[in-house]
Amino acid sequence: MSQSQEQPEYQHRVLPPHISTFWWLEKGSYFAFILRELSCVFVAWFVVYLLLLVRAVGQGDAAYQQFLAWSATPLILLVNIVSLLSLVFHAVTFFAAAPQAMVVKVGPNKVPGSLVLAGHYAGWVAASAVVCWLLLGA
Amino acid sequence: MADQIKLQVARYRPGQESEATFDDYDVPCPKEWVVLDGLNHVKDRIDGTLSYRWSCRMGVCGSCGMMVNGEPKLTCATFLADYAPGPVRIEPLRNFPVIRDLIVDIGDFMRKLATVKPWIVREEEKPLSAGEYRQTPEQLDDYKQYSMCINCMLCYSACPVYGLDPNFIGPAAIALAQRYNLDSRDEGSAERVAVLSEHAGIWGCTFVGECTKVCPKNVDPAGAIQRYKLTAAVETVKAFFMPRGAQ
């Protein structure tokens with residue numbers, strides 16, 4: 001092929017970019033990002049766990065008791081504790097990112113990012129309160 | 001304060017070397033010298049073969065971006081004294097092909113930038129006699145932050161997604177697309193959506209957030225991308241539920 005008109009003459013002599021397989025260990029912020037991405041696995045686990053709970057409840061008291069006993073085994077307990085910590089990390093980092101994604105305007109004025117963040121935490125507290133009321137108070 | 005500081009400068013001489021090497025240079029380190037001053041000293045007094053880009057020396061032109069001790073920096077705004085006693089490792093911007101020494105090829109960005117039409121698109125231009133397109137300060141405020149981009153490429157260098165997926169349009173191009181999408185004078189957002197809503201567009205971004213951290217002009221490209229994700233998602237839902245033409 002003749003020298004392409006679109007490719008500059010220097011193209012065949014450039015040093016191509018290289019990114020290490022372990023790029024995510026090079027900076028703390030990269031590592032925190034990977035942890036946040038990994039926490040999605042635990043989000044998925046809690047969805048599966050919830051579906052298993054719903055199925056056990058639907059199958060009657062015996063199945064529900066069996067599910068509770070299975071949930072109390074050390075392995076599942078450990079997985080759920082790690083999952084809970086991962087989900088809290090996921091939620092906190094997700095909320096921290098929210099003001100960047102959501103620009104809320106009231107009339108001509110922008111709502112400060114701190115208020116957007118506070119709104120997310122208020123929603124979290126409200127949702128948790130409803131769940132607590134369903135479990136304990138209802 | 002140290003009188004001198006050692007610069008470890010990446011060198012790549014095409015045709016002579018197959019990979020980058022490092023040359024050490026001792027340069028003066030007065031408190032007012034930036035890294036670019038150190039490089040200029042090397043070029044003028046020690047080794048005239050050193051190649052790098054620079055122009056304005058005041059953080060406006062965006063040409064002197066390099067990796068300084070592993071971080072993407074404008075070398076005209078990075079003081080040598082902050083790295084004392086040294087050494088200071090200076091490399092070409094990461095994620096780009098290196099043409100020579102500290103000069104990278106940003107052709108990939110320039111090609112991608114054109115695809116998002118970073119200019120005001122009008123369906124129909126007003127005649128000159130109709131006067132200028134006026135904006136309120138609030139309308140200007142909607143996009144002004146994104147208009148501060150100087151194409152310095154620090155954000156591309158900090159973005160691991162761009163490093164891993166060369167098809168990704170990248171932070172600055174998307175921020176500049178948003179600069180025009182949010183401009184009240186522009187009518188081209190529908191023309192940009194096809195490029196921006198692809199996987200190589202906004203959905204390629206996994207929100208590492210480093211682009212915003214390294215931006216010397218506080219453009220917040222990560223915020224621009226996440227905002228557009230929200231816009232694109234809302235538009236998709238509207239297109240699904242609303243009758244054709246009622247959007």
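This text gives an overview of the structure that appears in the document. (Residues numbered from 1 in each chain as written. Chains lettered and ligands numbered in written order. Predicted model: local features only at pLDDT ≥ 70, side-chain atom pairs only at ≥ 80, totals over all residues. Heavy atoms only, no water.)

## Quick notes on the sheet that holds strand 4 (residues 71-74) of chain B
Residue and element names in this part refer to chain B.
Thought 1: The five strands lie next to each other as 2-1-5-3-4, forming an open sheet whose pairing is mixed. With one partner strand each, in any of the chains shown, strand 2 (21-28) and strand 4 form the two edges of the open sheet. Here the average twist between neighbouring strands, direction ignored, is 35 degrees.
Thought 2: The sheet contact formed by strand 1 (residues 4-11) and strand 5 (residues 88-91) spans three bridges and is parallel. Residue Gln8 lies in a different strand from strand 5, and its bridge partner there is Arg89.
Thought 3: Here helix 1 (residues 35-46) sits on the sheet and contacts strand 1, strand 2, strand 3 (65-68) and strand 5; the angle it forms with strand 2, its principal contact strand, is near 95 degrees. (Pairing = 2+ DSSP bridges. Helix = DSSP H or I, 4+ residues; strand = E, 2+ residues; numbered from the N terminus. Axes fitted to C-alpha atoms, helices over the stretch in contact; angles between N-to-C directions. Contact = heavy atoms within 4.5 Å.)

## Section: the packing of aromatic side chains
Thought 1: The full count for this structure, using the stated rule, is 17 aromatic pairs over all chains.
Thought 2: Plain terms: the ring middles of Trp24 of chain A and Phe31 of chain A are 6.3 Å apart, the flat faces sit at 15 degrees to each other, and that makes the pair stacked.
Thought 3: Judged by its relative accessible area of 25%, Trp24 of chain A falls in the partly exposed class.
Thought 4: We classify Phe31 of chain A as partly exposed; its relative accessible area is 36%.
Thought 5: Among the aromatic residues, ring-to-ring pairing joins Trp45, Phe46, Tyr49, Phe67 and Trp70 of chain A into one connected group.
Thought 6: Note that Lys126 of chain B overlies the ring of Tyr133 of chain B, its terminal NZ or CZ placed 4.4 Å from the centroid. (Phe/Tyr/Trp six-rings, centres within 6.5 Å; stacked < 30°, edge-to-face > 60°. Buried < 20%, exposed > 50% of the residue type's maximum accessible area, 1.4 Å probe, protein only. Lys NZ or Arg CZ within 6 Å of the ring centre and 35° of its normal.)

## Points about a nonpolar patch on the surface
Residue and element names in this part refer to chain A.
Thought 1: Together, Phe22, Leu25, Phe31, Leu35, Leu38, Val41 and Phe89 give the surface a local cluster of nonpolar side chains, amounting to about 640 Å² of exposed area.
Thought 2: Ranked by residue count, the leading element in the nonpolar patch is helix 1 (residues 28-58), at four residues.
Thought 3: Considering the arrangement of structural elements, one finds Phe31 in helix 1. (Patch = residues over 30% accessible without salt bridge, like charges linked within 9 Å, V, L, I, M, F, W, Y side chains within 5 Å. Areas by Shrake-Rupley, 256 points an atom, 1.4 Å probe, with all protein chains shown as cover. Salt bridge = Lys/Arg side-chain N within 4 Å of Asp/Glu carboxyl O.)

## Points about the environment of Arg11 of chain B
Residues and elements named next belong to chain B.
Thought 1: As for its position among the elements, Arg11 is in strand 1.
Thought 2: On a C-alpha basis, the gap between Arg11 and Phe22 in space is 5.6 Å, while along the polypeptide they are 11 residues apart.
Thought 3: Contacts of Arg11, omitting those with residues within four sequence positions, involve Glu17, Glu19, Ala20, Thr21, Asp23, Tyr25, Asp47, Thr49, Leu50 and Asp101.
Thought 4: Reaching out from Arg11, the side chain makes a polar contact with the side chain of Asp101 at a distance of 3.1 Å. (Polar contact = N/O pair within 3.5 Å; in protein donor to acceptor, adjacent residues only side chain to side chain.)

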